[in-house]
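Architecture and fold: a report
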Amino acid sequence: MKEKMLVIIVAALLIAILSYSVLSQDVTCTFTAFDPNFGSSVSFSLPYPTNESWQNTTNDTMSIHVSNENGETMNISFHWANHTRIDYNDSVSNDSTVTIHTGTTYDHYQQYNWYANLSSVTYSNQSSIYWFKGEAYDWDINRDQYANQTDLDLIHALYLQATVSRTDINGDGKVNYLDRSSLQHHWGEDYT
Ligand SMILES: [Ca+2]
Ligand SMILES: [Ca+2]
């Protein structure tokens, strides 16, 4: 009786060891398939808003270019960094740009982190995490979250000149007393 029990225990141990070995191999294979350096994979490029950029607070367009070395149709989903799904598309062609709208009006100076998930029948991949910030107020020319002398100095440096820079606060193509007046309406404000 004791011998039978011993045989059963040894057999169970062998099965457990074999199962662990097989499962470990599966995990290894999965990581190989996800490796972006592996021959066939799905990948991302040209994120919009451009990574680390300032974004107009009312422009909610978001897009990314996707490709698949096997040419398969793919599913894509866009997410904020806290994993909330923004939008998705279940039928994306190889080598195409996917555009969605976030439906969000961005807060000035606020940073928004996002990423995309992409999968085909065979492969899947997650993009890097990209970020952009809601654009600074127009009169905070150097975007440091204060309306003060530093901004006025930037106006004076280009005074009476035609410019397309942020120094032209009202966007009329020249820097003059109107831009200085816009700043003075907000003088001393702190947006931190
Ligand atoms: Ca400023
Ligand atoms: Ca102007």
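In case you missed it, the structure is sitting above this.
Before going into details, it helps to say that this report is about the structure given with it.

Procedures and definitions
- Residues numbered from 1 in each chain as written.
- Chains lettered and ligands numbered in written order.
- Predicted model: local features only at pLDDT ≥ 70, side-chain atom pairs only at ≥ 80, totals over all residues.
- Core = buried A, V, L, I, M, F, W, Y, C linked by C-beta atoms within 7 Å.
- Buried ≥ 20, exposed ≤ 12 C-beta atoms within 10 Å, placed from the backbone.
- Helix = DSSP H or I, 4+ residues; strand = E, 2+ residues; numbered from the N terminus.
- Contact = placed C-beta atoms within 7 Å.
- Pairing = 2+ DSSP bridges.
- Axes fitted to C-alpha atoms, helices over the stretch in contact; angles between N-to-C directions.
- Parallel < 35°, antiparallel > 145°, perpendicular 65-115°, else oblique.
- Nonpolar A, V, L, I, M, F, W, Y, C, P; charged D, E, K, R; others polar.

**A few points about the nonpolar core**
Core analysis: the biggest nonpolar cluster contains 15 residues, and Val 66, Met 74, Ile 76, Ala 116 and Leu 118 have the highest contact counts within it. At the level of secondary structure, the elements contributing two or more residues to this core comprise strand S1 (42–48), strand S3 (61–68), strand S4 (74–80) and strand S7 (111–119). With residues near it in sequence (within four places) discarded, Leu 118 still touches Val 42, Phe 44, Val 66, Met 74, Ile 76, Ser 124 and Asn 125.

**So, unusual backbone geometry**
Going from Tyr 48 to Pro 49, the amide bond is cis rather than trans, its omega being 0 degrees. Within the element layout of this structure, Pro 49 appears in the loop between S1 and strand S2 (53–55). A positive phi angle, close to 60 degrees, is found at Asp 95, a residue other than glycine.

**Section: the sheet that holds S3**
Read across the sheet, three strands follow the order S1-S3-S6 without closing on themselves; strand pairing throughout is antiparallel. A single partner strand is all that each edge strand has here, and the edge strands are S1 and strand S6 (96–101). Within this sheet the neighbouring strands show an average axis-to-axis angle of 25 degrees, counted without direction. Sheet topology note: the S1/S3 ladder contains five bridges and is antiparallel.

**Some thoughts on the environment of Trp 114**
As for its position among the elements, Trp 114 is in strand S7. Residue classification places Trp 114 among the buried positions, given that 22 C-beta atoms sit within 10 Å. Measuring from C-alpha to C-alpha, the distance between Trp 114 and Ile 129 comes to 5.5 Å, with 15 residues separating the pair along the chain. With residues near it in sequence (within four places) discarded, Trp 114 still touches Phe 78, His 79, Trp 80, Ala 81 and Tyr 130.

**With respect to the packing of helix H2 (residues 149–157) against helix H3 (residues 177–184)**
Closest axis-to-axis distance for the H2/H3 pair is 10 Å, and the angle between their directions is 175 degrees. Viewed along their axes, H2 and H3 adopt a mutual orientation that is roughly antiparallel. Every residue of H3 that contacts H2 at Asp 151, Leu 152 and Ile 155 is listed here: Asp 179, Arg 180 and Leu 183. Grouping the constituent residues of the contact of H2 with H3 by class yields three nonpolar, no polar and three charged.

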